Amino acid sequence: MLEAPAVSAGPLTLVHTADDAPGWWRSAVIYQVYPRSFRDLNGDGVGDLAGITAELPQLARLDVDAVWLSPFYRSPQKDAGYDVSDYCDVDPLFGTLADFDTMMAEAARLSLRVIVDLVPNHCSDQHAAFQQALAAPAGSREREMFIFREGRGAFGEEPPNNWQSHFGGSAWTRITEPDGAPGQWYLHLFDASQPDFNWDNQAVHDEFERVLRFWLDRGVAGFRVDVAHALVKAPGLPEWGGRADGGSSDGYPGHEAPMFGQPALHDIYRAWRRILAEYGPDRILCAEANVDPLPRLADWVRPDQMHQAFNFPYLHAGLDVRRLRGVITDSLVALDAVGAPSTWVLSNHDVVRHATRFGYDGPAPRDGDGIGIFDHQPDVVAGRTRAAAASMFMLGLPGGAYLYQGEELGLPDGIDIPDSQRQDPTFARTGGERLGRDGCRVPLPWRAAELHAGFGSGQAPWLPQPEGFRELARDAQTDQPSSHLNLYRRILAMRRELDLGRGSLAWLESWCTDRSLAYLNGTTLVVMNVGRDPLELPPGLVLLRSSPAAAETHDGGHQLGSGETVWLNLPLG
Ligand code: GLC
């Protein structure tokens, strides 16, 4: 039993003690750059590596530790780059390998580490290996790189099993054999343009070990591993009637999904960890592993495997304070048991931005459903206010945190996107029933007075920017002391100064109610009020408030407004 410190504000329940294990990532704030939408320097309407290099000083100024880059590899861009046709080259859309090296040099100058995305579950159908597989006969070595099967039915006209694509429709597509006859089927858990690799084949392992070394040699600090839980499929590919994303549904517990969480995965990551270790102790692996239930996440981050995993249960807990408390406690307890730090996240390129999600009083749209102009609309102001509170609550937690580009500006999702401009394959594969993830991928506003709000000075951005983006531009917010951006800067600077990422966590029971949540990290007390009425605060010196007006004055008032978070210095004893 951990023993909590005594505070005059009432009983504490200690769940996590301070962390002094070595490893920069254990408390790091890692900023996700989505290259297509970050900054367009060559004026083609799509972001590029030169644009990232140009704006890295802004990220250093924000005081993050590292950036994670979503894919910029050669790709037909059918799934915004998560369909890779060459893992060891830069797509001309984003620049060249030389541009990558220039970006790395600038990041090093600014003491920012760079993590890149690795997409090992599938490649593009334009990848040379898949093209060779199509040209080779059934049963060939080339086909063995992927998951080809004969179809069912008298003529093989039915898919080999009932698995569904994450983006809608069957997870199988039938090919035409080189002789023109209808042929085998290949598995794709995502779009038909993204064939799954066969991880039962050693040649696939060898190829990815080469890819890891290629980028490690170029100086990357590690990899965010895309759908890390999906690489290995259960032998025999048994039927699965549960959700395509592997989440739990009635009668189908998510952890039983035959395409997710298979035990053989762990040996792959053990091998990768050994490769990273050859490059010293500072290179990391972070799993995008949507595993269910949460304590199973600990299996991924044992000392010989991944360093971190994304905490999707945290993202999905929203502002439900009881659920949040449960997820935070479970995460810290489960991960402490294997000596791994937790991570926290509120937004990424696959979900509705949290400034928009929190603009709904009821449930927000499901991931991938998106929001259109005919849908129930969020309250933009309430959403941004609550987003600030939620971010400040998250960034006080011990462990690492992931930020998604634009959340520091309080950006909402793009909602008014014409169907003709929607690019997420989810939209087409569901016949428009699910709008997809384009809303959170709208290009960033940099300079309010410039063309395209400073995203680029040439062609229109690849997705339209909403009118309100201009006033949220980084330069406009830099000049406003009480802006969302300046709040983020203060939060991140104070988080570093107080070393909160390395800290402890104890729940302050009297402020953990059905409308508020409070924890003590060291001597910093973090209280979030999600209720409609103001709350009396415990005694203590106000360090920071999430509501802009109060953040400006630091007036030390002892009430906490609705939708507000505060950091207080709490006297112990
Ligand atoms: C991951 C990525 C997502 C992509 C999918 C397929 O979930 O985050 O953007 O579409 O994998 O690669």
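Conventions adopted
Residues numbered from 1 in each chain as written. Predicted model: local features only at pLDDT ≥ 70, side-chain atom pairs only at ≥ 80, totals over all residues. Heavy atoms only, no water. Helix = DSSP H or I, 4+ residues; strand = E, 2+ residues; numbered from the N terminus. Buried < 20%, exposed > 50% of the residue type's maximum accessible area, 1.4 Å probe, protein only. Contact = heavy atoms within 4.5 Å. Pairing = 2+ DSSP bridges. Core = buried A, V, L, I, M, F, W, Y, C linked by side-chain atoms within 4.5 Å. Domains from an automatic or database assignment. Buried area = accessible area lost by both parts, 1.4 Å probe. Salt bridge = Lys/Arg side-chain N within 4 Å of Asp/Glu carboxyl O. Axes fitted to C-alpha atoms, helices over the stretch in contact; angles between N-to-C directions. Parallel < 35°, antiparallel > 145°, perpendicular 65-115°, else oblique. Nonpolar A, V, L, I, M, F, W, Y, C, P; charged D, E, K, R; others polar.

## Regarding the side chain of S342
Phase 1 of the analysis: Note on placement: S342 falls in the loop between α7 (321-336) and β13 (343-345).
Phase 2 of the analysis: You can call S342 buried: its relative accessible area is 3%.
Phase 3 of the analysis: In this view, S342 contacts N311, S331, L332, L335, G399 and G400; residues no more than four positions away in its chain are not counted.

## Considering the sheet that holds strand β12 (residues 308-309)
Phase 1 of the analysis: As summarised here, the arrangement of the eight strands in space is β12-β11-β10-β6-β3-β2-β14-β13, forming an open sheet in which the pairing is parallel. What marks the edges here is a single partner per strand, and that holds for β12 and β13.
Phase 2 of the analysis: For strand β2 (residues 29-33) and strand β3 (residues 66-69), the ladder comprises four bridges, and the chain directions are parallel. Residue pairing across strands places Y31 opposite V67, the latter belonging to β3.

## A word on the nonpolar core
For soluble globular proteins, nonpolar side chains are generally found buried alongside one another.
Phase 1 of the analysis: One finds Y31, F72, F100, F223, Y269, W272 and Y314 to be the most contacted residues of the largest nonpolar core, which totals 145 residues.
Phase 2 of the analysis: Those residues in contact with F100, other than ones at most four positions away along the chain, are L49, F72, V90, V116, W215, R218 and V220.
Phase 3 of the analysis: In terms of nonpolar packing, the next biggest core, distinct from the first, is built from 18 residues, A506, A518, L520 and L568 among them.

## Notes on the pairing of strand β21 (residues 564-569)
Phase 1 of the analysis: When you tally the buried positions in β21, you get five out of six residues, the bulk of the element.
Phase 2 of the analysis: As judged from the four bridges shared by strand β19 (residues 541-545) and β21, these two strands associate in the antiparallel manner. Bridging from a neighbouring strand, R545 pairs with V566 of β21.

## Examining the domain arrangement of the protein chain
Phase 1 of the analysis: Examined at the domain level, the protein chain breaks down into domain 1 (1-17 + 504-573), domain 2 (21-121 + 202-478) and domain 3 (128-187).
Phase 2 of the analysis: Placing a centre on the C-alpha atoms of domain 2 and another on those of domain 3 gives a separation of 30 Å.
Phase 3 of the analysis: Each side of the interface is counted separately: domain 2 has 20 residues, and domain 3 has 18 residues.
Phase 4 of the analysis: Of the roughly 1,400 Å² buried at the junction of domain 2 and domain 3 (both faces included), carbon and sulfur atoms supply 59%.
Phase 5 of the analysis: Contact with domain 3 buries area across many residues of domain 2, yet L237, E239 and R429 alone supply 40% of it, more than any other trio.
Phase 6 of the analysis: Counting across the interface, domain 2 meets domain 3 through one salt bridge.
Phase 7 of the analysis: R152 is paired through a salt bridge with E239; the nearest N and O atoms lie 3.1 Å apart.

## Structural notes on the packing of helix α1 (residues 49-62) against helix α12 (residues 484-498)
Phase 1 of the analysis: It is at 9 Å that the axes of α1 and α12 come closest, and there the two elements cross at 55°. Judged on the interaxial angle alone, α12 and α1 are oblique. On the side of α1, the interface is formed by Q58, R61 and L62, while α12 contributes L485, Y488, R489 and L492.
Phase 2 of the analysis: When its residues are assigned to classes, the contact of α1 with α12 shows four nonpolar, one polar and two charged.

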